[in-house]
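Okay, here's what each chain looks like letter by letter:
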Amino acid sequence: MIQIAPSLLASDFARLGEEVAAMDAAGAEMLHIDIMDGHFVPNISMGYCVVKCIRPASKAVFDVHLMISDPVRYSPEFVKAGADIITFHLEAVEDPEATIKAIRDLGVKVGISVKPKTPASAVLKYLHMVDLILVMTVEPGFGGQKFMADMMPKLREISEYCKANGLDPYIEVDGGIDENTIKETVANGANLFVAGSSLFSKSDYKEAVKNLRAAAESAL
């Protein structure tokens, strides 16, 4: 099933509540919220208070993507603020299994993400423990980057591993996703799509979400 997750990082922060509500009304199933600490990635974005403030504006699933160095320490506050899924980076922790358990114990779904230089082999053994696997198709930290097509073999390897082992997590891609690149990711097994500027740059969000979804479905 194709699901669309607009990336809040590309929204108009001066109208944040309105932007969130508009994407909710446009039919997006999730909202992707990038949390950056200026340490794990060279940028700083937002914190718990922002997630808490926008939670009433949307019925969508909040996919909180922690691009931070100590996800276990900060996850409880994001869950209190309204996160439905906490996604952490494999590269940010010493013990991924313990991290997964700690987040799961908070009562939310767990995602694990890998940066472009991290091979699929590094994450395969954890896929039976998570609800979501996020394959970055840009280097994490900044929006508006060019889609990295060379991530498709990794995406396919992860997708095929899940099928072979009876696993059914969200297989998410994030970075440079638009009506053209989304087709490549669908062909390689993705079913959840983070899109920033390709959605928020449009004047009609409902039409933008509809067109992105149609492009993905055309590649099934």
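Scoring rules and cut-offs
Residues numbered from 1 in each chain as written. Predicted model: local features only at pLDDT ≥ 70, side-chain atom pairs only at ≥ 80, totals over all residues. Heavy atoms only, no water. Salt bridge = Lys/Arg side-chain N within 4 Å of Asp/Glu carboxyl O. Helix = DSSP H or I, 4+ residues; strand = E, 2+ residues; numbered from the N terminus. Buried < 20%, exposed > 50% of the residue type's maximum accessible area, 1.4 Å probe, protein only. Pairing = 2+ DSSP bridges. Right-handed = clockwise from strand over helix to strand, strands pointing away.

Novice: How would you summarise the pattern of salt bridges if you had to cite specific residues and measurements?
Specialist: For the structure shown, the criterion picks out eight salt bridges. The salt bridge involving aspartate 84 is made with arginine 55; its shortest N-O contact spans 2.9 Å. You can see aspartate 84 sitting in the loop between helix H3 (71–81) and strand S4 (85–89) and its partner arginine 55 sitting in the loop between helix H2 (48–54) and strand S3 (61–67), a full 29 residues away along the chain. Between arginine 156 and glutamate 160 there is a salt bridge, with its nearest N and O atoms 3.4 Å apart. In this pair, arginine 156 and glutamate 160 are both assigned in helix H5 (residues 152–164), four residues apart and thus about one turn of the helix distant. Overall, glutamate 160 belongs to the partly exposed group, its relative accessible area being 44%. One salt-bridge network, in which partners are shared between bridges, spans Arg15, Glu18 and Glu19.

Novice: So what's going on with the pairing of strand S2 (residues 30–36)? Residues and values would help.
Specialist: By the criterion of burial, S2 is predominantly enclosed, with seven of the seven residues buried. Here S2 pairs with S3 via seven bridges, running parallel. By the bridge assignment, methionine 36 is partnered in S3 with methionine 67. As for the winding sense of the linkage, the β-α-β connection from S2 through H2 to S3 is right-handed.

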